[in-house]
Structures are given as structure tokens and as C-alpha cells.
Amino acid sequence: MSECADTTRETAADKSGSRKGRTTAALAGAALLAPLGLLAATGNAAAADNGVWDRIAQCESGGNWHINTGNGYYGGLQFSASTWRAYGGTAYAATADQASREAQIAVATKVQHAQGWGAWPVCSGRAGATGSAPESTSATTKSTTESATKSSTTSGARKSAPAAKAPQRSTAGAGRTSSPSSLSSSGDYTVREGDTLSQIAERHGTTWQRLYAANKAVIGDDPNLIVPGQRLAL
């Protein structure tokens with residue numbers, strides 16, 4: 001009996017040790033699995049940024065956002081012309097290769113939200129893309145750019161408009177008439193305050209162009225600038 005009892009105790013002890021060993025092994029296995037779970041979660045988080053689009057573009061087109069190889073697909077993410085149009089891409093450019101990286105990502109985000117990552121079945125997997133595509137950064141549309149250009153052009157035209165004047169004015173006293181005594185007996189005319197070349201020409205039956213041509217040596221290079229006291233040949 002004593003020997004049987006001892007044997008029984010030893011058997012129980014062996015069983016207890018076996019259970020402890022299995023428990024230790026299970027805890028060790030859990031410790032190894034935990035970092036793997038953290039790595040998987042980190043991988044999902046890393047995919048949810050705009051870097052995923054660069055990784056997909058690297059796979060699809062070698063990272064060339066403006067590529068057009070003539071195969072019917074365009075740009076870094078290789079949009080077909082029909083998909084580009086369907087998801088509003090023509091607001092940026094006629095085809096994807098002509099649009100900026102930001103514009104292509106903006107359109108790609110819409111495609112992913114509608115079709116999932118399966119729209120890029122191979123390259124999205126290689127890029128580690130999971131979940132929903134990140135919100136795209138802002139991109140300028142053609143209409144915004146054209147409006148800004150028109151606004152700038154109009155503003156510039158308004159500023160430069162005052163410089164575009166016909167040669168009609170003298171340097172002082174605009175609106176005043178000259179005295180009849182300005183005309184000498186020899187047929188010359190002495191410029192008085194308030195005279196303009198156009199007024200003088202009209203009073204003497206000619207044009208300011210002819211009058212200026214005949215007196216360019218006196219007037220100088222600017223027909224707008226006549227000075228009181230100058231003698232003009234009529």
C-alpha cells in the first residue's frame with residue numbers, strides 16, 4: 001500500500017508538472033503572437049495615408065505621374081479615359097497624365113470609395129493597401145486656374161488702360177483756345193498755353209499727323225508734348 005501510495009503521489013506530481021509545462025508554453029506562444037498582431041495593426045495604419053498612392057503608382061507606372069505609353073491608360077495610377085471622365089477627372093485635365101499628382105489622387109480616392117482597392121487588383125496588394133482610401137489633398141481644377149488667370153489679366157488690363165491714349169493733348173491748359181495773334185504773317189504758328197496739336201491742325205484745315213510730320217524737328221519724338229512758344233510751320 002505504501003508503495004502504491006508513493007506511486008500515486010508521483011503520478012499526481014507528474015501530471016501537475018505537465019500542466020504547468022503546457023501553461024508555460026501557451027503563455028510563451030501568446031507572447032510571440034502579440035508582436036505579430038501589433039505589426040499587422042501597424043501595417044494597416046501605414047496603408048491609410050497618401051503614401052499608399054505613391055506605392056501603387058510605383059507599381060503601376062514606375063512612379064511616373066505623367067506617363068502616356070499609348071496603351072489606353074494614363075498617369076501614375078493608370079486611369080482609363082472612361083474612368084477618368086466618370087469620376088470627374090476632366091475638371092482637372094482631359095486625361096490623367098496631363099493632371100497633377102494631387103488631382104490624380106483626388107480622382108483615385110473617389111474610385112476607391114466606389115470600387116474598393118480591386119480597381120488596382122495587383123498593385124494595391126503589393127502596396128499593402130487596406131481599409132478605405134485616405135482623404136485626398138486639395139487639387140486645383142481647370143476652372144479655378146482659368147478664373148484666376150482671367151482675373152489677373154483683367155486686373156492688368158485695367159491698370160495699363162490709362163497709358164493707351166491718342167496723341168491729342170498738350171502739356172498745359174487743356175480746353176483753352178489760343179489767341180488769333182499766334183499766327184504770324186509768314187504762315188507759322190506760335191504755340192500758346194492750352195493748345196493741342198489736334199486743335200491747331202483742325203483750325204488750319206489739316207491733320208495733326210501732317211502737322212506733326214512737318215514740325216517733328218521742333219516738337220520732338222512725342223506728338224503729345226508741345227510747349228508754349230514753339231513755332232510750327234503750317
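Residues numbered from 1 in each chain as written. Predicted model: local features only at pLDDT ≥ 70, side-chain atom pairs only at ≥ 80, totals over all residues. Heavy atoms only, no water.

**Notes on the pattern of salt bridges**
Thought 1: The full count for this structure, using the stated rule, is four salt bridges.
Thought 2: As a salt-bridge pair, E102 and R101 come within 3.8 Å of each other at their nearest N and O atoms.
Thought 3: A relative accessible area of 29% places E102 in the partly exposed class.
Thought 4: Residue class for R101 comes out partly exposed when judged on its relative accessible area of 25%.
Thought 5: R231 is the salt-bridge partner of D188, the closest N and O atoms lying 3.6 Å from each other. One end of the pair, D188, is in strand 3 (residues 188-190); the other, R231, is in strand 4 (residues 231-233), and 43 residues separate them in sequence.
Thought 6: Of the residues examined, R231 reaches a relative accessible area of 45% and is grouped as partly exposed.
Thought 7: Each of the salt bridges in this network shares a partner with another, and the network as a whole consists of D54, R101 and E102. (Salt bridge = Lys/Arg side-chain N within 4 Å of Asp/Glu carboxyl O. Buried < 20%, exposed > 50% of the residue type's maximum accessible area, 1.4 Å probe, protein only. Helix = DSSP H or I, 4+ residues; strand = E, 2+ residues; numbered from the N terminus.)

**Points about unusual backbone geometry**
Thought 1: The phi angle at Q78 is positive, at roughly 55°, despite the residue not being glycine.
Thought 2: Structurally, Q78 is set in the loop between strand 1 (73-74) and strand 2 (79-80).
Thought 3: Since its relative accessible area comes to 17%, Q78 is described here as buried.

**A closer look at helix 2 (residues 51-61)**
Thought 1: What helix 2 keeps buried is the set V52, W53, I56, A57 and S61. Each buried residue of helix 2 lies within a common arc of 135° when the element is viewed along its axis, so the set occupies one face.
Thought 2: Backbone geometry just after helix 2 places G62 at a positive phi near 70°. (Arc of directions from axis to C-beta.)

**As for the nonpolar core**
Thought 1: Of all hydrophobic cores here, the largest spans 25 residues; its most connected members are W53, I56, L77, F79, W117 and W120.
Thought 2: The set of elements that each furnish at least two residues to this core consists of helix 2 and helix 4 (101-115).
Thought 3: Among the elements that make up this core, the one with the highest residue count is helix 4 (six residues).
Thought 4: If you look at the next biggest cluster of nonpolar residues, it comprises 10 residues, including V191, I200, A201 and L232. (Core = buried A, V, L, I, M, F, W, Y, C linked by side-chain atoms within 4.5 Å.)

**Let's talk about the environment of N71**
Thought 1: Here N71 shows up in the loop between helix 2 and strand 1.
Thought 2: A distance of 3.2 Å separates polar atoms of two side chains, one belonging to N71 and the other to T69. (Polar contact = N/O pair within 3.5 Å; in protein donor to acceptor, adjacent residues only side chain to side chain.)

**Quick look at the side chain of Q78**
Thought 1: Among the polar contacts made by the side chain of Q78, one reaches the main-chain carbonyl oxygen of G75 at a distance of 2.8 Å.
Thought 2: Each residue touching Q78, except ones within four places of it in the same chain, is listed here: E60, S61, I67, N71 and Y73. (Contact = heavy atoms within 4.5 Å.)

**Section: the state of the cysteines**
Thought 1: On inspection of all chains with the given rule, the structure shows one disulfide.
Thought 2: Two residues share a disulfide in this structure: C59 and C123, whose sulfurs sit 2.0 Å from each other. Handedness of the C59-C123 disulfide follows from its S-S torsion of about -65°: it is left-handed. Pair noted here: C59 is in helix 2 and C123 is in helix 5 (residues 123-126), with a separation of 64 residues, a long-range link.
Thought 3: Classification of C59 as partly exposed rests on a relative accessible area of 26%.
Thought 4: Residue class for C123 comes out buried when judged on its relative accessible area of 6%. (Disulfide = S-S within 2.5 Å.)

**Considering helix 4**
In an α-helix, one full turn covers 3.6 residues, which means residues spaced three or four apart are oriented alike.
Thought 1: If you check helix 4, its first and last C-alpha atoms are 20 Å apart, about what 15 residues at 1.5 Å a residue would give, namely 21 Å.
Thought 2: Listing the buried residues of helix 4 in full gives A103, Q104, I105, A106, V107, A108, T109, V111 and Q112.
Thought 3: Where helix 4 is buried, its residues contact helix 2, strand 2 and helix 3 (81-86).
Thought 4: Backbone geometry just after helix 4 places G116 at a positive phi near 80°. (Expected span 1.5 Å × (residues − 1).)

Remember that the coordinates give geometry; whether it matters functionally is a separate question.
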